[in-house]
Amino acid sequence: MRHRKIAKWLMLACFATALVLWLGFGGRSEFVAKDHGPYSPVVYFSGWIALAGLLSATVLTVSFFGSTIAHTAKRNAIRYGMRGR
C-alpha cells in the first residue's frame, strides 16, 4: 500500500516538473522551432522526467489491478466457498 502512495506522488511530481520545464522554460518552443537536434538540456530533461512519470503511472496501474483482482478472488472464495475435490 505504501508503494502506491510513493508512486502516486512521484508520478504527480514528475508530470508537474516536466510540464513546468516544457512550457515554462522554453522546451516546447525550442522543440517546435528546430527540425532536429541537438536540443538544449531542458528538452531532454523534460522528456526523461515525463518518462519517469509514465513508469510510475504504469506501476500504479499494475498495482491497482493486481490488488483489485486479489480482492475479488478473496471475496468470491468467501462468498461461494472453496470447492475442493
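About the cut-offs
- Residues numbered from 1 in each chain as written.
- Predicted model: local features only at pLDDT ≥ 70, side-chain atom pairs only at ≥ 80, totals over all residues.
- Heavy atoms only, no water.
- Helix = DSSP H or I, 4+ residues; strand = E, 2+ residues; numbered from the N terminus.
- Rg over C-alpha atoms; globule rule 2.2 N^0.38 Å.
- Buried < 20%, exposed > 50% of the residue type's maximum accessible area, 1.4 Å probe, protein only.
- Contact = heavy atoms within 4.5 Å.
- Areas by Shrake-Rupley, 256 points an atom, 1.4 Å probe, with all protein chains shown as cover.
- Salt bridge = Lys/Arg side-chain N within 4 Å of Asp/Glu carboxyl O.
- Phe/Tyr/Trp six-rings, centres within 6.5 Å; stacked < 30°, edge-to-face > 60°.
- Patch = residues over 30% accessible without salt bridge, like charges linked within 9 Å, V, L, I, M, F, W, Y side chains within 5 Å.

Colleague: For this particular structure, what's the right way to read the overall build of the protein?
Modeller: Tallying secondary structure elements over the protein gives three helices and zero strands in all. Reading the protein from its N terminus to its C terminus gives the helix and strand order α-α-α. Taken against the 2.2 N^0.38 rule, which gives 12 Å for 85 residues, the C-alpha radius of gyration of the protein at 21 Å runs more than 25% over that of a compact globule. Considering only C-alpha atoms, the protein reaches an extent of 70 × 25 × 15 Å along its principal axes. Taken over 85 residues, the protein has a buried fraction of 18%. Taking contacts inside the protein between residues at least 6 apart in sequence as the whole, the part at least 24 apart equals 66%. Carbon and sulfur atoms provide 71% of the accessible area of the protein, an area that totals close to 6800 Å².

Colleague: Help me understand the pattern of salt bridges, please; the structure alone is not making it clear to me.
Modeller: Oppositely charged side chains are able to pair whenever their charged atoms sit close together. If you walk through the whole model with that rule in mind, you get one salt bridge. Salt-bridge contacts for Glu30 lead to Lys34; the nearest nitrogen and oxygen are separated by 3.7 Å. Under the relative-accessibility criterion, Lys34 is labelled partly exposed at 36%.

Colleague: Is there a simple way to think about the packing of aromatic side chains in this case?
Modeller: To describe a pair of aromatic rings, one takes the distance between the centres and the angle between the planes. Per the counting criterion, the structure on display carries four aromatic pairs. Between Phe31 and Tyr39, the aromatic rings sit 5.4 Å apart at their centres with planes inclined by 40 degrees, giving tilted as the arrangement. The partly exposed category is assigned to Phe31, whose relative accessible area is 40%. For Tyr39, a relative accessible area of 17% translates into the label buried. Taken together, the ring pairs in this structure connect Trp22, Phe31, Tyr39 and Tyr44 into an aromatic cluster.

Colleague: Got a minute to help me understand a nonpolar patch on the surface in this structure?
Modeller: Together, Phe15, Tyr44, Trp48, Leu51, Leu54 and Leu55 make up a nonpolar patch on the protein surface, roughly 640 Å² of accessible area in all. The biggest single contributor to the nonpolar patch is helix 3 (residues 41-80), with five residues.

Colleague: Can you walk me through the environment of Lys8 in this structure?
Modeller: Note on placement: Lys8 falls in helix 1 (residues 2-24). You can call Lys8 partly exposed: its relative accessible area is 36%. Along the primary structure Lys8 and Val42 are separated by 34 residues, whereas in three dimensions their C-alpha atoms are 24 Å apart.

By themselves, these are just geometric observations and shouldn't be taken as functional.
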